[in-house]
Amino acid sequence: MQGCGLKKTGDIMAASRGFDWKRLYSVIESGRKIALFLDYDGTLVPIRNNPDACILPGRTRELLSRLSASDKCYPVILSGRSLQNVKKLAGVHGICYGGNHGFEISGPGIRYTHEAALNARPALLEAKRLLKKGIRGIEGAFIEDKKFSISLHYRSVDEKAVPAVFKCFDAVAAPFVNKKKLTRIKGKMVLELVPNAKWSKGYAALWMLERLGSDFFPIYIGDDTTDETAFKALRHKGTTVKVGRPKKTHARYHIEDHSDVKTLLDKILNILITSTRL
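What counts and what doesn't
- Residues numbered from 1 in each chain as written.
- Predicted model: local features only at pLDDT ≥ 70, side-chain atom pairs only at ≥ 80, totals over all residues.
- Heavy atoms only, no water.
- Helix = DSSP H or I, 4+ residues; strand = E, 2+ residues; numbered from the N terminus.
- Buried < 20%, exposed > 50% of the residue type's maximum accessible area, 1.4 Å probe, protein only.
- Pairing = 2+ DSSP bridges.
- Axes fitted to C-alpha atoms, helices over the stretch in contact; angles between N-to-C directions.
- Contact = heavy atoms within 4.5 Å.
- Salt bridge = Lys/Arg side-chain N within 4 Å of Asp/Glu carboxyl O.
- pLDDT = per-residue confidence, 0-100.

Engineer: Can you walk me through unusual backbone geometry in this structure?
Structural biologist: What is expected of a backbone is that most residues other than glycine have negative phi and most peptide bonds are trans. The backbone of Asn100 shows a phi angle near 50°, a positive value even though the residue is not glycine. Along the chain, the position of Asn100 falls in the loop between strand S5 (96-99) and strand S6 (104-107). Of note in the backbone geometry, His101 takes a positive phi value of approximately 60° without being a glycine. Secondary-structure assignment places His101 in the loop between S5 and S6. For His101, a relative accessible area of 4% puts it in the buried group.

This is how it looks when you write it as structure tokens:
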């Protein structure tokens, strides 16, 4: 069945157009519910030079609110942003949020902070101090302190100055990584230091899925390299969708951009509404 311009992708899958809506109908008809995991930047909203300008559009907020109101869907926004920041920008009440790549989670009946995140705070503060000192003079580069991770943004940096950004980041990160205090993550035009722990968006999604129970079928939608851990973790458990044109991905499907995500959410909502009326 065709829909939303979705194409099958993945390192061991032949590319083909289409999405398995039939499976989703089957899941709902069997009585199972949907655990709907969504990245934020680049997935629910377009990526912007100013991170604070990435406010969730009203229509998308309405869709998530209506999905949350259904007893057949449990939406989760799982972001690299801090928990407080993503909750503020999304503004959807009554859903679950995961901040700092899942190191902190908050939602109906759930509140969790990974122990490694709490222990890493002193190292993160020192790394922040060194990074701020190192990027002085690099126009457009800035540091974002997300409490349990530190981000070095370079989207607005002149192309010729980007190597200097990487050189600074690598020099600061190396001692913390070597001492296993922090680890590095590379996202879209951002370099991050996070707590050194066996944890990621993939582990966070599995952690939440385990607590929701076997009645829930996972759907994960994301655009960033940090979402690949979740695509891999959920590949054989549910449906995974990459936003954008992937070169390599563990996701089974892909859509063009964030506007297609809204179309996809709308169709999922309509399926849930239709199944309720039957």
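So, next bit.
Engineer: What is the right way to read the sheet that holds strand S9 (residues 150-153) from this model?
Structural biologist: Within a beta sheet, neighbouring strands are joined by backbone hydrogen bonds and run either parallel or antiparallel to one another. Overall, antiparallel pairing links the four strands, which are arranged S8-S9-S11-S10 in an open sheet. Both edges of this open sheet fall to strand S8 (142-145) and strand S10 (182-187), since each of them pairs with a single strand only. Neighbour-to-neighbour, the strand axes of this sheet turn through a mean angle of 20°, independent of strand direction. Relative to strand S11 (residues 190-195), S9 runs antiparallel, the two sharing four bridges. Note on S11: the bridge partner recorded for His153 is Val190. Packed on one face of the sheet, helix H5 (residues 162-178) meets S9, S10 and S11 and runs near 150° to S10.

Engineer: Looking at this model, I keep getting lost on the environment of Pro246. Mind explaining?
Structural biologist: Of note, Pro246 is situated in the loop between strand S13 (239-243) and strand S14 (253-255). Given a relative accessible area of 21%, Pro246 falls into the partly exposed group. Considering only alpha carbons, one finds Pro246 and Leu64, 182 residues apart in sequence, at a separation of 26 Å.

Engineer: Quick question: what am I supposed to make of the environment of Leu24 here?
Structural biologist: With respect to the secondary-structure elements, Leu24 resides in helix H1 (residues 21-29). According to the relative accessible area criterion, Leu24 is buried, its value standing at 4%. Counting along the chain gives 205 residues from Leu24 to Thr229, while the straight-line C-alpha distance between them is 22 Å. Leu24 has contacts with Ile34, Ile219, Ile268 and Ile271, leaving out every residue within four places of it along the chain.

Engineer: Where do I start with the pattern of salt bridges in this structure?
Structural biologist: A side chain with one charge may pair with a side chain of the opposite charge, provided their charged atoms come close. One pass over the full model with this rule turns up 13 salt bridges. Among the salt bridges present, the one from Asp170 reaches Arg184, with a minimum N-O distance of 3.8 Å. Taken together, the positions of Asp170 in helix H5 and Arg184 in strand S10 put the pair 14 residues apart, joining distant regions of the chain. On the basis of relative accessible area, Arg184 is assigned to the partly exposed category, the value being 39%.

Engineer: Which parts of the structure should I look at to understand the confidence of the model for the protein?
Structural biologist: Low pLDDT marks stretches whose predicted atomic positions should not be read closely. Put simply, the protein has an average pLDDT of 91, and 92% of its residues get 70 or more. Scored below 50 in pLDDT, residues 10-18 makes 24 contacts in the model with residues more than four places away or belonging to other chains.

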